[in-house]
Amino acid sequence: RRSRRAMTRATSLARRPFVTARSSAVARRATRAGAANASNASSFTPSSWTFDGARATAPDGSVIAYVSRPDVKFIYDEVYARGCYDFACASDGEGDGADVVVGAAARVVIDVGANIGLSSVKFARALGDDERAVVVALEPIPRTFDALRENVLRLVYDEDEDVERRRGDAFQSTSSTTTSSSLANASPIGGGSGTGRARVYAHNVGVGSRSGASVGFWYFPHAAGWSTATRDDDETAKNTERFVFEALRTDAMSTDDSSSVGLEDNAVTFIGRAVRGLILDGDARETSTTMRRVASAIAEFVLRRVIRLVVFFMLSGAHVVTRPVVTVSDVIDAHCVDDAVVDLLKIDVERAELDVLRGITPEHWPRIRKVTLECHDIDGALDATVDLLRSTAGFERVVVNQPPTLRGGTLFNIYASRT
């Protein structure tokens, strides 16, 4: 019976985001982790995710390298549980990850602001066994870039042994130079002819409107996902407070599975949800007694102050890292040979999205079929971005979406495609 249960568990895990039937080692590890986590099905499940140094084990048994602990589950949930890059969600809310990259014969995905690489992993896996397909991941922060390379090796190419052997060494399959010719000369991390996998190239550079110069990027050791060339602590604090305050709602847990709201399930969030449950929303404020409204106001004051204190800690210890900058057009010249098109351009660069878009030359825009990006609406950036995508880039369809947990904030997702 134990053997049959283990086989059933491994089969189930093989259908989840990272685990593949191609790697028996990964399947065995996933089975062991799944068995260990099977008893943690309650709303408070601290062992759903386990953390060991700079690596986390997800509920499906996948080992994920990361820089700052608050980022890893948020990014994982964003990419896989909430399907942020399932492009079909811009139209009818349906479809799977493969919809993101269906298109041209020689398929290319450019991932600007790749962070620890989970989006690049998703794109590479969605491209399937097409050895001609290419994913280009660009991430300027060196420590985050190291995690990206490790995750691609392990989660796309199942190279656990190679990860251990190469950890801490210089990866020869990357580039930190700033010309399209030098980008083109870099070797892929893996994939290509004879591998049955798409090629993934990784470049430790920033992306902007002009190439050649070096730019200072703010690196936040406690929240690496916030690292940026355009720092705005006030906007970050307000958006984070809004997100956490809404994500802790008990009705948010019931309508948007609590395991996928991006918060780690631990004692802190468990207490936070309890306090959030004391806070009145909507019509309940008007119909409750005076004492109940007072208790709600006190609970809200305390919760918001605690969230702000956590955010200030996450912003602490920041310092500037200088990295070279390329443009998206440099990347297209380097990796889109024989006039190959870009099936998807993904951008997540913390307030520098307009600068990245302005680095695309007019002759390259027609070769980009789809764009998905996160936009920070500061000083009219949302309207300017939508106008650029429609008028300059020529996209017939541009959709703007704001997640429920960010309503009223400055963060938006934009999806653009050609008919």
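Keep in mind it's a predicted model, so treat the numbers as computed, not measured. (Residues numbered from 1 in each chain as written. Predicted model: local features only at pLDDT ≥ 70, side-chain atom pairs only at ≥ 80, totals over all residues. Heavy atoms only, no water.)

Draft legend 1. Region of interest: a nonpolar patch on the surface. A contiguous nonpolar surface patch, about 510 Å² in accessible area, is contributed by Val 294, Ile 298, Phe 301, Val 302, Val 306 and Val 310. Summarising the element assignment, Val 294 is placed in helix H12 (residues 290-315). For Val 294, a relative accessible area of 40% puts it in the partly exposed group. (Patch = residues over 30% accessible without salt bridge, like charges linked within 9 Å, V, L, I, M, F, W, Y side chains within 5 Å. Areas by Shrake-Rupley, 256 points an atom, 1.4 Å probe, with all protein chains shown as cover. Salt bridge = Lys/Arg side-chain N within 4 Å of Asp/Glu carboxyl O. Helix = DSSP H or I, 4+ residues; strand = E, 2+ residues; numbered from the N terminus. Buried < 20%, exposed > 50% of the residue type's maximum accessible area, 1.4 Å probe, protein only.)

Draft legend 2. Fine view of the sheet that holds strand E2 (residues 55-57). Pairing is antiparallel across the open sheet formed by three strands, whose spatial order is E1-E2-E3. Every other strand in the sheet has two partners, leaving strand E1 (50-52) and strand E3 (63-65) as the edge strands with one partner each. In this sheet, neighbouring strand axes are inclined to one another by 25° on average, regardless of whether the strands run parallel or antiparallel. Of the pairings in the sheet, the one linking E1 to E2 comprises three bridges and is antiparallel in character. Counterpart to Thr 50 in the pairing with E2 is Thr 57. (Pairing = 2+ DSSP bridges. Axes fitted to C-alpha atoms, helices over the stretch in contact; angles between N-to-C directions.)

Draft legend 3. Structural view of the nonpolar core. Grouped together as the largest cluster of nonpolar side chains are 44 residues, with contacts concentrated most on Ile 64, Ile 116, Leu 118 and Val 152. For this core, the elements supplying multiple residues, two or more each, are E3, helix H3 (69-81), helix H4 (118-126), strand E5 (134-138), helix H5 (142-155), strand E8 (197-203), strand E10 (214-219) and strand E11 (319-326). Top contributing element to this core by residue count: H5, with six residues. Excluding anything up to four places from it in sequence, Ile 116 contacts Ile 64, Ala 65, Tyr 66, Val 67, Val 72, Ile 75, Thr 144, Ala 147, Leu 148 and Asn 151. By size, the runner-up hydrophobic cluster in this structure holds 42 residues, among which are Val 326, Cys 336, Val 386 and Phe 395. (Core = buried A, V, L, I, M, F, W, Y, C linked by side-chain atoms within 4.5 Å. Contact = heavy atoms within 4.5 Å.)

Draft legend 4. Representation of the side chain of Asp 60 in the model. One can find Asp 60 in the loop between E2 and E3. Of the residues examined, Asp 60 reaches a relative accessible area of 2% and is grouped as buried. Here Tyr 76 takes part through its side chain, which lies 3.3 Å from a polar atom of the side chain of Asp 60. (Polar contact = N/O pair within 3.5 Å; in protein donor to acceptor, adjacent residues only side chain to side chain.)

Draft legend 5. Structural context of the packing of aromatic side chains. Tallying each qualifying case throughout the model produces seven aromatic pairs. Measuring from ring centre to ring centre gives 6.3 Å for Trp 49 and Phe 51, while their planes differ by 20°; the resulting arrangement is stacked. A connected cluster of aromatic rings, assembled from ring pairs, spans Trp 49, Phe 51, Tyr 66, Tyr 76 and Tyr 80. For Arg 231, the ring lying beneath its charged end belongs to Trp 218, and the centroid distance is 4.4 Å. (Phe/Tyr/Trp six-rings, centres within 6.5 Å; stacked < 30°, edge-to-face > 60°. Lys NZ or Arg CZ within 6 Å of the ring centre and 35° of its normal.)

Draft legend 6. Spotlight on the confidence of the model for the chain. Mean pLDDT for the chain: 80, with 76% of residues reaching 70 or above. By mean pLDDT, helix H2 (residues 24-37) is the weakest element of the chain at 35, and helix H15 (residues 381-392) is the strongest at 97. Counting interchain partners and residues more than four positions distant, the pLDDT-below-50 stretch residues 19-47 has 46 contacts. (pLDDT = per-residue confidence, 0-100.)

Draft legend 7. Region of the structure containing the sheet that holds strand E9 (residues 206-207). Spatially, the three strands line up as an open sheet ordered E9-E11-E10, and their pairing is mixed. Pairing within the sheet leaves two strands with one partner each, and these edge strands are E9 and E10. As paired elements, E9 and E11 share two bridges and run parallel to each other. Bridge assignment links Val 207 to a residue of E11, and that residue is Val 326.

Draft legend 8. Here's a closer look at the pattern of salt bridges. Summed over the entire model, instances satisfying the criterion amount to 19 salt bridges. Between Arg 197 and Asp 158 there is a salt bridge whose closest N-O contact spans 3.4 Å. With Arg 197 in strand E8 and Asp 158 in the loop between H5 and helix H6 (160-166), the pair connects residues that are 39 residues apart, well separated along the chain. Here the two residues Arg 197 and Asp 158 agree in accessibility, since each one is buried.

Draft legend 9. Summary view of H3. Here H3 contains 13 residues, and its C-alpha end-to-end distance of 18 Å stays within 8% of the 18 Å for a straight helix at 1.5 Å per residue. Those residues of H3 lying buried are Asp 71, Val 72, Lys 73, Ile 75, Tyr 76, Asp 77, Glu 78, Val 79 and Tyr 80. (Expected span 1.5 Å × (residues − 1).)

Draft legend 10. Molecular detail of the side chain of Thr 144. With respect to the helices and strands, the residue Thr 144 is situated in helix H5. Those residues within four positions of Thr 144 in sequence are excluded, and the remaining contacts are Val 67, Asn 115, Ile 116, Glu 139 and Ala 224.

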